[in-house]
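Working through the structure, step by step
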Amino acid sequence: MATPKTIAVAGKGGVGKTTTCGMLIDYLCKMGKGPLLVVDADANSNLNEVLGVEVETTLGSIREEMAQAEQKGTIPAGMTKADYADFKFSTALIEEDDYDMLVMGRTQGKGCYCYVNGVLKAQLDKYAKNYNYIVMDNEAGLEHVARGTLPHVDTMLLISDCSRRGVQAVARIAEMIDEMSLNPGQMGLIINRAPGGVLNDGVKEEIEKHNLKLIGVLPQDEAVFNCDCAGEPSAQLPDSNPVKAALRGIMQSIGL
């Protein structure tokens, strides 16, 4: 298998980024683009709920287990810290029919993700060839992308709701991407929750002001709203759902 294509999804919290990411994953699977490796790199994300997947362990919880094992001296005899991390990492991989999933989660103790992120990067380098696509749902700060977890981002999708503030937030993310010289193969803005699927003139002005490339608009939808409120998997809504239909058109227009 060739080098996988990488898709990174970014946006501030509360704009429907994770819902959009889940529907994107559903679309890729239904188009026969799998197998996919899905990485939930947003500590506040609930991508598993959007997809309808149970999560038993996260990389953040593994970091805590490792720290405690080191402190208590309970790392199994004959295993290095790296071997132990590698073994624990393999237990975090959730395997579904068309995709595998890794959840970064959050750390409870002191310290950052540096070590676990290094392990994740090593594992991605090792197993990437098994996948056609890697899809990463990011936090607004793009911490994991900035650290080079993904070798290169082929497609960067910026998600905003239908508000000036939302567009301003993704404009800052776009500036960050430029400052970090990430140079994604393509980058575009998707506006989510637009009433009737139509953009307000003020939002259009804001998009033009920041020179953002608008690649599509997703309508406000009651079925998606109800799924989000009930904690039900919106990615499993029928393909006839207006949001899924609109997203399908956007993905096809950018060659996905």
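Residues numbered from 1 in each chain as written. Predicted model: local features only at pLDDT ≥ 70, side-chain atom pairs only at ≥ 80, totals over all residues. Heavy atoms only, no water.

**Some details on the overall build of the protein**
- When you go through the protein residue by residue, the secondary structure sums to ten helices and eight strands.
- Taking 2.2 N^0.38 as the reference for a compact globule, 256 residues should give roughly 18 Å; the C-alpha atoms of the protein span a radius of gyration of 19 Å, in line with that estimate.
- For the protein, the spread of C-alpha atoms along the three principal axes comes to 65 × 40 × 35 Å.
- A separation of at least 24 residues holds for 78% of the contacts in the protein among residues at least 6 apart in sequence.
- In the form shown here, the protein has an accessible surface area of approximately 12,000 Å², with 48% of it arising from carbon and sulfur atoms.
- Computing the positive centroid from 24 side-chain charges and the negative centroid from 34, the protein places the two 4 Å apart. (Helix = DSSP H or I, 4+ residues; strand = E, 2+ residues; numbered from the N terminus. Rg over C-alpha atoms; globule rule 2.2 N^0.38 Å. Contact = heavy atoms within 4.5 Å. Areas by Shrake-Rupley, 256 points an atom, 1.4 Å probe, with all protein chains shown as cover. Lys, Arg positive; Asp, Glu negative; His and termini not counted. Charge placed at Lys NZ, Arg CZ, Asp CG, Glu CD.)

**Examining unusual backbone geometry**
- Here the residue pair Gly-34 and Pro-35 is connected by a cis peptide bond, since its omega of 0° sits within 30 degrees of zero.
- Its place among the elements puts Pro-35 in the loop between helix H1 (17–30) and strand S2 (36–40).
- You will see that Asn-183, though not glycine, has its phi angle at about 45°, which is positive.
- Inspection of the secondary structure puts Asn-183 in the loop between helix H7 (164–179) and strand S7 (186–194).
- Its identity is not glycine, yet Arg-193 carries a phi of approximately 60°, on the positive side.
- Secondary-structure assignment places Arg-193 in strand S7.
- Since its relative accessible area comes to 32%, Arg-193 is described here as partly exposed. (Buried < 20%, exposed > 50% of the residue type's maximum accessible area, 1.4 Å probe, protein only.)

**Quick look at the packing of helix H3 (residues 59–72) against helix H4 (residues 81–91)**
- H4 packs onto H3 with a crossing angle of 145° between their chain directions and a minimal axis gap of 10 Å. Crossing hand, H3 versus H4: right-handed. In contact with Leu-59, Ile-62, Glu-65, Met-66, Ala-69 and Glu-70 of H3, H4 contributes Lys-81, Tyr-84, Ala-85, Lys-88, Phe-89 and Thr-91.
- Residues of the contact of H3 with H4, tallied by class, amount to seven nonpolar, one polar and four charged. (Axes fitted to C-alpha atoms, helices over the stretch in contact; angles between N-to-C directions. Left-handed = near helix turned anticlockwise from the far one by under 90°. Nonpolar A, V, L, I, M, F, W, Y, C, P; charged D, E, K, R; others polar.)

**Some details on the sheet that holds strand S6 (residues 155–161)**
- Pairing is mixed across the open sheet formed by eight strands, whose spatial order is S3-S4-S2-S5-S1-S6-S7-S8. This sheet does not close on itself; its edge strands, each paired only once, are strand S3 (94–95) and strand S8 (214–219).
- Pairing geometry for strand S1 (residues 5–10) and strand S5 (residues 133–137), over five bridges, is parallel. Considered in S5, the bridge of Lys-5 is made with Tyr-133.
- Seen against the sheet, helix H10 (residues 242–253) touches S6, S7 and S8 and runs at an angle of roughly 170° to S8. (Pairing = 2+ DSSP bridges.)

**Re the confidence of the model for the protein**
- Averaged over all residues, the pLDDT of the protein is 86; the fraction at 70 or higher stands at 94%.
- The least confident element of the protein is helix H6 (residues 143–146), whose mean pLDDT is 70; the most confident is S8, at 97. (pLDDT = per-residue confidence, 0-100.)

**Comments concerning the nonpolar core**
- Grouped together as the largest cluster of nonpolar side chains are 40 residues, with contacts concentrated most on Leu-120, Met-156, Leu-158, Ile-207 and Leu-212.
- The element contributing the most residues to this core is H7, with six residues.
- Sequence-distant contacts of Met-156, defined by excluding residues within four places in its chain, comprise Ala-8, Ala-10, Leu-142, Ile-177, Pro-184, Gln-186, Met-187 and Gly-188.
- With 37 residues, the next largest nonpolar core counts Leu-28, Cys-29, Leu-157 and Leu-237 among its residues. (Core = buried A, V, L, I, M, F, W, Y, C linked by side-chain atoms within 4.5 Å.)

**Points about the pairing of S6**
- For S6, the buried fraction is high: seven of the seven residues fall into the buried class.
- Alternating positions in S6 separate into two faces, Thr-155, Leu-157, Ile-159 and Asp-161 on one and Met-156, Leu-158 and Ser-160 on the other, with burial throughout.
- Pairing of S1 with S6 involves four bridges; the strand directions are parallel. Note that in S6 the partner of Val-9 across the bridge is Leu-157.
- In this sheet, S7 lies alongside S6 in parallel orientation, the contact comprising seven bridges.

**What to know about H4**
- The complete set of buried residues in H4 reads Tyr-84, Ala-85, Lys-88 and Phe-89. In a view along the axis of H4, the buried residues occupy a sector of 135°, so they form one face of it. (Arc of directions from axis to C-beta.)

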